[in-house]
Amino acid sequence: MKIKFSVFKSLATVLGISVLLHAVPAQADGIHIATEGNTFYNLSKQYGVNMNQLMKSNPKVQPLNIYPGLKLIIPGKAKVGAAVQTDTVKPKVITASLNVEPESNTVQAWGKEFSYEKTIQVKATAYSSAASENGKWGAVDYFGKPLKLGTIAVDPDVIPMGTKVLVTGHSHPGLPKQAFLATATDMGSAIKGNRIDIFIPGSQSFVSEFGFQYVQLYVIQ
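Residues numbered from 1 in each chain as written. Predicted model: local features only at pLDDT ≥ 70, side-chain atom pairs only at ≥ 80, totals over all residues. Heavy atoms only, no water.

(A) Main features of the pairing of strand S9 (residues 179–186). With 7 of 8 residues buried, S9 is to be regarded as a mostly interior element. As paired elements, strand S7 (residues 151–154) and S9 share 3 bridges and run parallel to each other. What sits directly across from Ala153, in S9, is Asp186. Looking at chain direction, strand S8 (residues 164–168) and S9 are connected through 5 bridges and run antiparallel. Across the sheet, residue Leu166 finds its bridge partner in S9, namely Leu181. (Buried < 20%, exposed > 50% of the residue type's maximum accessible area, 1.4 Å probe, protein only. Helix = DSSP H or I, 4+ residues; strand = E, 2+ residues; numbered from the N terminus. Pairing = 2+ DSSP bridges.)

(B) Region of interest: unusual backbone geometry. We note that Asn105 has phi near 50 degrees; this positive angle belongs to a residue other than glycine. Mapping Asn105 onto the fold places it in the loop between strand S4 (98–101) and strand S5 (106–109).

(C) Broad picture of the side chain of Asp141. Checked against the element boundaries, Asp141 lands in the loop between helix H4 (131–134) and S7. An unpaired buried charge is present at Asp141: no salt bridge exists, and Lys145, the closest side chain of opposite charge, is 6.3 Å distant. Here Thr185 takes part through its side chain, which lies 3.2 Å from a polar atom of the side chain of Asp141. Among residues more than four places away in sequence, those in contact with Asp141 are Leu147, Thr151, Thr185 and Asp186. (Lys, Arg positive; Asp, Glu negative; His and termini not counted. Salt bridge = Lys/Arg side-chain N within 4 Å of Asp/Glu carboxyl O. Polar contact = N/O pair within 3.5 Å; in protein donor to acceptor, adjacent residues only side chain to side chain. Contact = heavy atoms within 4.5 Å.)

(D) Representation of helix H2 (residues 40–47). Of all the residues in H2, the buried ones are Phe40, Leu43, Ser44 and Tyr47. Projected down its long axis, H2 carries its buried residues within an arc of 105 degrees, all on one side. The elements touched by buried residues of H2 are strand S1 (30–33), helix H3 (51–57) and strand S2 (71–74). Phi turns positive one or two residues past the end of H2, at Gly48, with a value near 65 degrees. (Arc of directions from axis to C-beta.)

(E) Main features of the nonpolar core. Ranked by size, the top nonpolar core spans 21 residues in total, and within it Val167, Ile196, Ile198 and Leu217 carry the most contacts. The set of elements that each furnish at least two residues to this core consists of strand S6 (112–127), S7, S8, S9, strand S10 (195–199) and strand S11 (213–220). If we skip the residues at most four places from it in the chain, Ile198 touches Ala124, Thr125, Ala126, Tyr127, Thr151, Ile152, Val167, Leu175, Phe180 and Phe210. (Core = buried A, V, L, I, M, F, W, Y, C linked by side-chain atoms within 4.5 Å.)

Dropping the structure here:
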């Protein structure tokens, strides 16, 4: 009888724990049906989720191949229909070496604080000092100055020449991690609209590893 009672007691304990576990609802993921113009960045803002977590939740989705009708997982958002009002509630974004304060329009990198006028998401490529990439002018920018780390080519109608920006969201071993300061001192016939071309020192094959990436620019005041 003692054994049976112990078993019954243990079973009751387990069941009790089980009931408690079921009583606490888990935070479920939601599904978003992509529409024209959706990107990981604007969806992260729309639903108030971290962009890196959003991309990790959709490992088979290429950032440049989000098309209308595509199903995307929104982590921790069971009710996807309700968008977060990011224009009234601005979250504080923190990464390993980047701290953004939207309310005061300031961004901190490497312990230094910058005031920014606005942010722009752009499609980025990279170029080297190879002659085949720079034409008859050689490895110099639009003003005739030698290309260097921090030189970017832009569309002057979108980003005026001479504009200083903090580039974030990139990934390449030839660039500083998390963020780096750049100046719009170059342009190219293929750089139109929300596009930039980042100069990276090194061989052409090394630089080509950059491919196409969407990056976030903070226009420094």
